[in-house]
Amino acid sequence: MAPKILVLGGVGFVGRNFVSYVIENDLADYVRVADKVLPATAYLSERCKKVFEDSRVDFKQANLASAASVERIFTLESGEFDYVFNCAAETKYGQSEEVYEEKVYLLSVTVAKEAAKRNVKCFVEMSTAQVYESDKKPSTEASKLKPWTLLAKYKLRAEEELRTIPGLNYVVVRPSIIYGPGDQLGITPRLIMGAVYKNLKEEMKLLWSKDLRIHTVHVYDVSRALWFIAATKEENGGRSGPVKVKEVYNLCDKNDTDQGKVNEFIKKIFGIETGFQGTAINLYAKLNLEAVTEDVNDTHLQPWSDLCKAGGILNTPLTPYLDKELLKEHPFAVDGSKIESEGFVYEVPQMTLDGLKNVISEFVDIGIWPPNTML
């Protein structure tokens, strides 16, 4: 009999792709999806809509920071969930510490305590590789922990608290920048900027240099990895035994993604020139990041709004906005090879032109990206 699973934050970017992977590959008999956002308002693709209409998928709206709500979500008519996947958290940057305290730290701790109480076989916590010290050298699971975004600070606090919960059988996943169908905050803001500069008929010049690493992993491989680390080999996962001690796995593809590589794709997608600012502007940006961030966003936000209106798009969650935390010169390099030593294989090891075009095409089909922006 296939397992019963609970996916927290299952309507979000990673969650919807993971649920789709599980259903399309017949990996579970029952998938409960819990999220504060209703699927009908989440800009789902046709593929994801079909998945959420599957009889095996049971959606429940819930505030996952509430202990009473979480207890209800974890309760089945008979038995317990085999696996729980926590993809729920505030994912936007530039929020207050209070927001991250509630929607990252407290949320993770609340759902983890419930999983421990019910002796769930494996609880998977989705963290981030931003918990490592920013370095040109790829971070392994043993690298120094020094979060460089507020979101990562509270993810790490949650990880540390999970370690103290008695009886919690858990695995932590620390991905690099996740991209792919449905991505709004990873690579997509750069794609939007490409569309803006095509419309403005100007060169797209970014801060810092082409060599600044911004390592990536495709959401399809993230979805596969979540199942691999939780489920047994008999269930088409990768486990040969139960979770006994805390396990941590980074996720990162083989693309060694940097700003230059992404710019080359943008150049081909939109037919624009791309480049990087000179030493003087980069130095000014380091000293005046707040003002530069405001200028950068002012340059992109109104033209994107105008482009959407011209394309008949009246409402879209997509934005080129970049928070100053992400505009800082932070190399983001991740070593995702540990999970490979367990037998996992990245099926999307390289970023491709078609892969990025598919992200845009899906947004066009949903009606949240203006048509005819690509070459």
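About the criteria used
Residues numbered from 1 in each chain as written. Predicted model: local features only at pLDDT ≥ 70, side-chain atom pairs only at ≥ 80, totals over all residues. Heavy atoms only, no water. Axes fitted to C-alpha atoms, helices over the stretch in contact; angles between N-to-C directions. Helix = DSSP H or I, 4+ residues; strand = E, 2+ residues; numbered from the N terminus. Parallel < 35°, antiparallel > 145°, perpendicular 65-115°, else oblique. Left-handed = near helix turned anticlockwise from the far one by under 90°. Contact = heavy atoms within 4.5 Å. Expected span 1.5 Å × (residues − 1). Buried < 20%, exposed > 50% of the residue type's maximum accessible area, 1.4 Å probe, protein only. Core = buried A, V, L, I, M, F, W, Y, C linked by side-chain atoms within 4.5 Å. Salt bridge = Lys/Arg side-chain N within 4 Å of Asp/Glu carboxyl O. Phe/Tyr/Trp six-rings, centres within 6.5 Å; stacked < 30°, edge-to-face > 60°. Lys NZ or Arg CZ within 6 Å of the ring centre and 35° of its normal.

Asks: Is there a simple way to think about the packing of helix H3 (residues 67–74) against helix H4 (residues 97–117) in this case?
Replies: For any two helices packed against each other, one specifies the inter-axial angle together with the distance between the axes. Two elements in contact, H3 and H4, have axes whose closest approach is 10 Å; the angle formed by their N-to-C orientations is 45°. Classified by the angle their axes make, H3 and H4 are oblique. Seen from above, H3 lies across H4 with right-handed handedness. Counted together, Ala67, Val70, Glu71 and Phe74 of H3 and Thr110, Val111, Glu114, Ala115 and Lys117 of H4 form the full contact between these two elements.

Asks: When you look at helix H5 (residues 150–162) in this model, what are you seeing that I'm missing?
Replies: Two residues of an α-helix separated by three or four positions point the same way, owing to the 3.6 residues in each turn. Taking 1.5 Å of rise per residue, the 13 residues of H5 would be expected to cover 18 Å, and the 19 Å separating its terminal C-alpha atoms lies within 8% of that figure. If you check which residues of H5 are buried, you get Leu151, Ala152, Tyr154, Lys155, Leu156, Ala158, Glu159 and Leu162. Tucked into the core, H5 has its buried residues touching H4, strand S5 (122–126) and strand S7 (170–175).

Asks: Looking at this model, I keep getting lost on the nonpolar core. Mind explaining?
Replies: Soluble, globular proteins show a tendency: their nonpolar side chains are buried together. In this structure, Leu8, Leu64, Phe74, Phe123, Leu168, Trp304 and Trp369 are the most contacted members of the largest nonpolar core, which totals 73 residues. For Leu64, the contacting residues outside a window of four places in its chain are Leu8, Gly9, Ala34, Val70, Ala88, Leu107, Thr110 and Val111. Within the second largest apolar cluster, 45 residues are counted, among which are Leu44, Phe52, Ile178 and Phe228.

Asks: Whenever I open this one, the pattern of salt bridges confuses me. Can you help?
Replies: Note on pairing: side chains with opposite charge can pair once their charged atoms come close. The final tally for this structure, using the stated rule, is 24 salt bridges. Here Asp211 makes a salt bridge to Lys210, at a shortest N to O gap of 3.2 Å. In this structure Lys210 comes out as partly exposed when scored by relative accessible area, which is 48%. One salt-bridge network, in which partners are shared between bridges, spans Glu71, Glu80, Glu114, Lys117 and Arg118.

Asks: Got a minute to help me understand the packing of aromatic side chains in this structure?
Replies: To describe a pair of aromatic rings, you give the distance between the ring centres and the angle between the ring planes. By the definition in use, this model includes eleven aromatic pairs. Relative to Tyr220, the ring of Tyr21 has its centre 5.9 Å away and its plane inclined at 80°; by these criteria the two rings are edge-to-face. With Tyr21 in helix H1 (residues 13–24) and Tyr220 in helix H7 (residues 219–230), the pair connects residues that are 199 residues apart, well separated along the chain. On the basis of relative accessibility, which here comes to 12%, the residue Tyr21 falls in the buried class. Within the aromatic cluster, the residues linked to one another by ring pairs are Phe18, Tyr83, Phe85 and Trp227. In this arrangement the basic side chain of Arg157 is found over the ring face of Tyr105, its NZ or CZ atom lying 4.0 Å from the centre.

Geometric values such as these leave the question of function open.
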